[in-house]
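Structural features, examined
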Amino acid sequence: MAYDEEEARRSRVVVETPTERREVVHSQSVRDNSGISAGMVGVLVVVAIALITMLVLFWMSSQQTTDNANLAATQPTTVVQQPAPVQQPPVIVQQPAPATQPAPIIVTPPAGGSTGSTVPTESVNMDSTIQAAVDKKLSDDPDVSTLGITASVIDGKVTLLGTVKTEALKSQVARLVKQVKGVKSVDNQISVIA
């Protein structure tokens, strides 16, 4: 039986006591589970259709295989071997050089002999010393060390990069860096993010 085909049974019982008389109604739902529901019948039909479809497809594919085998058996097989192809050497195409070439750039060292070659080395040594001092100054300050500010030094000029939350912190970092010996100028590119 389907779910909505439920039977309801009611029974009435009269209870008499010395002081009163009461009537009690007792109702009970009864289902008959011996039959097959409509949902179960639908599932069985779908499964049966799927099984039949698979059997038909299997039968058709086995029929094609047999037909192909029969066809192959009746036709003679001819194998033609061709000689291996001869490899040709690669063709190399050379292009002429461009007609207009830029003139070479000639760099002449400054006059003064060996003193000119030591100035860049001294500048690099000075920049690395300033870089180390700036990095130490920034890492030693408790307010600035957690901000992740980076500093780079070229010819005594310090460039600051990073982000801070206030303009006051940005100014504080610049003041700290200006205190380092050898710093000529500070390019403060720190961004203020509110």
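The following paragraphs examine the structure supplied in this document. (Residues numbered from 1 in each chain as written. Predicted model: local features only at pLDDT ≥ 70, side-chain atom pairs only at ≥ 80, totals over all residues. Heavy atoms only, no water.)

Here we take up the overall build of the protein. Secondary structure summary: the protein contains three helices and five strands in total. The linear arrangement of helices and strands in the protein, starting from the amino end, is β-β-α-α-β-β-α-β. Taking all 194 residues of the protein together, the buried fraction comes to 12%. For the protein, the exposed surface amounts to about 16500 Å²; the carbon and sulfur share of it is 59%. (Helix = DSSP H or I, 4+ residues; strand = E, 2+ residues; numbered from the N terminus. Buried < 20%, exposed > 50% of the residue type's maximum accessible area, 1.4 Å probe, protein only. Areas by Shrake-Rupley, 256 points an atom, 1.4 Å probe, with all protein chains shown as cover.)

Helix length check: helix H3 (residues 167-178), at twelve residues, gives a terminal C-alpha distance of 17 Å against a target of 16 Å (1.5 Å per residue), a fit within 8%. Every buried residue of H3 is listed here: Lys 170, Gln 172, Val 173, Ala 174, Leu 176 and Val 177. (Expected span 1.5 Å × (residues − 1).)

For the rest of this paragraph, the subject is the sheet that holds strand S3 (residues 150-154). What the three strands build is an open sheet, ordered S3-S4-S5; its pairing is mixed. Looking at the sheet topology across the chains shown, the edges are occupied by S3 and strand S5 (185-192). Neighbour to neighbour, the strand axes of the sheet diverge by 15 degrees on average, direction disregarded. Of the pairings in the sheet, the one linking S3 to strand S4 (residues 157-164) comprises five bridges and is antiparallel in character. Residue pairing across strands places Ser 152 opposite Thr 159, the latter belonging to S4. (Pairing = 2+ DSSP bridges. Axes fitted to C-alpha atoms, helices over the stretch in contact; angles between N-to-C directions.)

A few words now on a nonpolar patch on the surface. On the surface, Ile 36, Met 40, Val 41, Val 43, Leu 44, Val 45, Val 47, Ile 49, Leu 51 and Leu 55 cluster together to form a nonpolar patch covering roughly 940 Å² of accessible area. Following the sequence through the fold, Leu 51 ends up in helix H1 (residues 38-74). Classification of Leu 51 as partly exposed rests on a relative accessible area of 48%. (Patch = residues over 30% accessible without salt bridge, like charges linked within 9 Å, V, L, I, M, F, W, Y side chains within 5 Å. Salt bridge = Lys/Arg side-chain N within 4 Å of Asp/Glu carboxyl O.)

With respect to the helices, strands and loops of the structure, Asp 141 is situated in the loop between helix H2 (115-140) and S3. Lys 137 provides the closest opposite charge to the buried, salt-bridge-free Asp 141, at an N-O distance of 7.6 Å. A distance of 3.2 Å separates a polar atom in the side chain of Asp 141 from the backbone nitrogen of Val 144. Once you skip the residues sitting within four places of it in the chain, Asp 141 turns out to touch Gln 172 and Leu 176. (Lys, Arg positive; Asp, Glu negative; His and termini not counted. Polar contact = N/O pair within 3.5 Å; in protein donor to acceptor, adjacent residues only side chain to side chain. Contact = heavy atoms within 4.5 Å.)

What follows deals with the pairing of S4. Here S3 hands over to S4 after two residues, with Asp 155 in that stretch at a positive phi of 55 degrees. Here eight bridges tie S4 to S5, and the two strands are oriented parallel to one another. Counted as the bridge partner of Leu 161 is Gln 189 from S5. Handedness of the crossover joining S4 and S5 through H3: right-handed. (Right-handed = clockwise from strand over helix to strand, strands pointing away.)

A positive phi angle, near 55 degrees, is found at Asp 155, a position not held by glycine. Relative to the helices and strands, Asp 155 is located in the loop between S3 and S4. Exposure remark for Asp 155: the relative accessible area of 49% places this residue in the partly exposed category.

Val 134, Leu 138, Ile 149, Val 158, Leu 160 and Val 173 are the most contacted members of the largest nonpolar core, which has 16 residues in total. Only H2, S3, S4 and H3 provide two or more residues apiece to this core. In contact with Leu 160, not counting residues within four places along its chain, are Ile 149, Thr 150, Ala 151, Val 173, Ala 174, Val 177, Val 186, Asp 187, Asn 188, Gln 189 and Ile 190. (Core = buried A, V, L, I, M, F, W, Y, C linked by side-chain atoms within 4.5 Å.)

Looking now at the environment of Lys 178. Relative to the helices and strands, Lys 178 is located in helix H3. With 20 residues separating them along the chain, Lys 178 and Val 158 place their C-alpha atoms 8.8 Å apart.

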